[in-house]
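# Structure at a glance
Read off the chains here:
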Amino acid sequence: MSTICEAVDTSIREAFSTMIGQELDGGTLSDVQVALRNNCVSLTEDSDSISVVVGLSGGLQGSVCLCVEQPAALAWTTELLGEECDCFNQNVIDAIGELGNLVVGGAKGRMPEHGLTLGLPSVVFASSERLAFPAKSEPVAMRYQLNSAEIVVLIALVRS
């Protein structure tokens, strides 16, 4: 898993540095714990985050998810498009989808030995606490900061 995490870390840092000229802080790694209440995931809280899920297949199966708090998503979109963005709209959805493609595609390119194929990105309005993964995967989270907003990358991959 460390090789995968290193590939994702390099890729996300490169995407932010190259595309919008901003550096990410952090990159701490932790296990993911899904908040279960009576064996059910709690979905009661509103989310001010947007997430993109990109599936991978080949020598590894699963997904990589980027969960971006609203201030970071708006900053990414504003810098990427060169026009002010102050709420979640279609531009933000498209820009976060592109961020997913850049990060996961960049990580894929750093791991040619796995023969990976990317799926289409799916953008959802959800924070990292509201996403679930197949039982066979043991997802890890990498946490970053852009200014004061958090970006969490969830990696849930298993060998084929």
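Here, every reference points to the structure presented above.
No experiment lies behind these values; they were computed from the predicted model shown.

## A look at the overall build of the chain
Helix and strand counts for the chain come out as three helices and nine strands. Going residue by residue from the N terminus, the α and β elements of the chain occur as α-β-β-β-β-β-α-α-β-β-β-β. Counting every position in the chain, which comprises 160 residues, the buried fraction comes to 42%. Residue pairs in contact within the chain that sit at least 24 positions apart in sequence constitute 69% of those at least 6 positions apart.

## Overview of the environment of arginine 13
Examined against the element boundaries, arginine 13 turns out to sit in helix 1 (residues 2-20). Residue classification places arginine 13 among the partly exposed positions, given a relative accessible area of 26%. Considered as a pair, arginine 13 and tyrosine 144 are 131 residues apart in the sequence and their alpha carbons are 9.6 Å apart. The contact partners of arginine 13, leaving out residues within four places of it in the chain, are Leu24, Gly26, Gly27 and Tyr144. A distance of 3.0 Å separates the side chain of arginine 13 from the side chain of aspartate 9, its partner in a polar contact. Within the structure, arginine 13 has its side chain in polar contact with the backbone oxygen of leucine 24 (distance 3.0 Å).

## Focus on the side chain of serine 127
Among the secondary structure elements, serine 127 is positioned in the loop between strand 7 (122-124) and strand 8 (140-146). Of note is the side chain of serine 127, whose polar atom sits 3.0 Å from the side chain of glutamate 129.

## So, the packing of aromatic side chains
Per the counting criterion, the structure on display carries two aromatic pairs. For the ring pair phenylalanine 16 and tryptophan 76, a centre distance of 4.9 Å and an interplane angle of 55 degrees mean the geometry is tilted. On the criterion of sequence distance, the pair formed by phenylalanine 16 in helix 1 and tryptophan 76 in helix 2 (residues 70-81) is long-range, its members being 60 residues apart. The residues phenylalanine 16 and tryptophan 76 share a single accessibility class, namely buried. Centroid distance phenylalanine 88 to phenylalanine 125: 5.3 Å. Interplanar angle 45 degrees. Geometry classified as tilted. Residue phenylalanine 88 is found in the loop between helix 2 and helix 3 (90-109), and its partner phenylalanine 125 is found in the loop between strand 7 and strand 8; the two are separated by 37 residues along the sequence. Judged by relative accessible area, which is 23%, phenylalanine 88 ranks as partly exposed.

Thresholds applied
Residue numbers run consecutively from 1 along every chain, following the written order of its sequence. Totals for whole chains, interfaces and linings use all residues, but because this is a predicted model, local features are given only for residues with pLDDT of at least 70 and pairs of side-chain atoms are given and counted only at 80 or more. As a rule here, side-chain values cover all heavy atoms of the structure and leave hydrogens and water aside. By definition, any uninterrupted DSSP run of H or I lasting at least four residues is a helix, any uninterrupted run of E lasting at least two residues is a strand, and each is numbered from the N terminus. Relative accessibility under 20% of the residue-type maximum defines a buried residue, over 50% an exposed one, and the middle range a partly exposed one, all with a 1.4 Å probe and only protein chains included. Note on contacts: a residue pair is in contact if any heavy atoms of the two residues lie within 4.5 Å. By the criterion applied in these results, polar contacts are pairs of N or O atoms within 3.5 Å in which, for protein atoms, one can donate a hydrogen and the other can accept it, and in which residues neighboring in sequence qualify only through two side-chain atoms. When two rings of Phe, Tyr or Trp (its six-membered ring) have centres within 6.5 Å they constitute a pair, described as stacked for plane angles under 30 degrees, edge-to-face for angles over 60, and tilted for the intermediate range.

It is worth stressing that arrangement in space is one thing and function is another; only the former is reported here.
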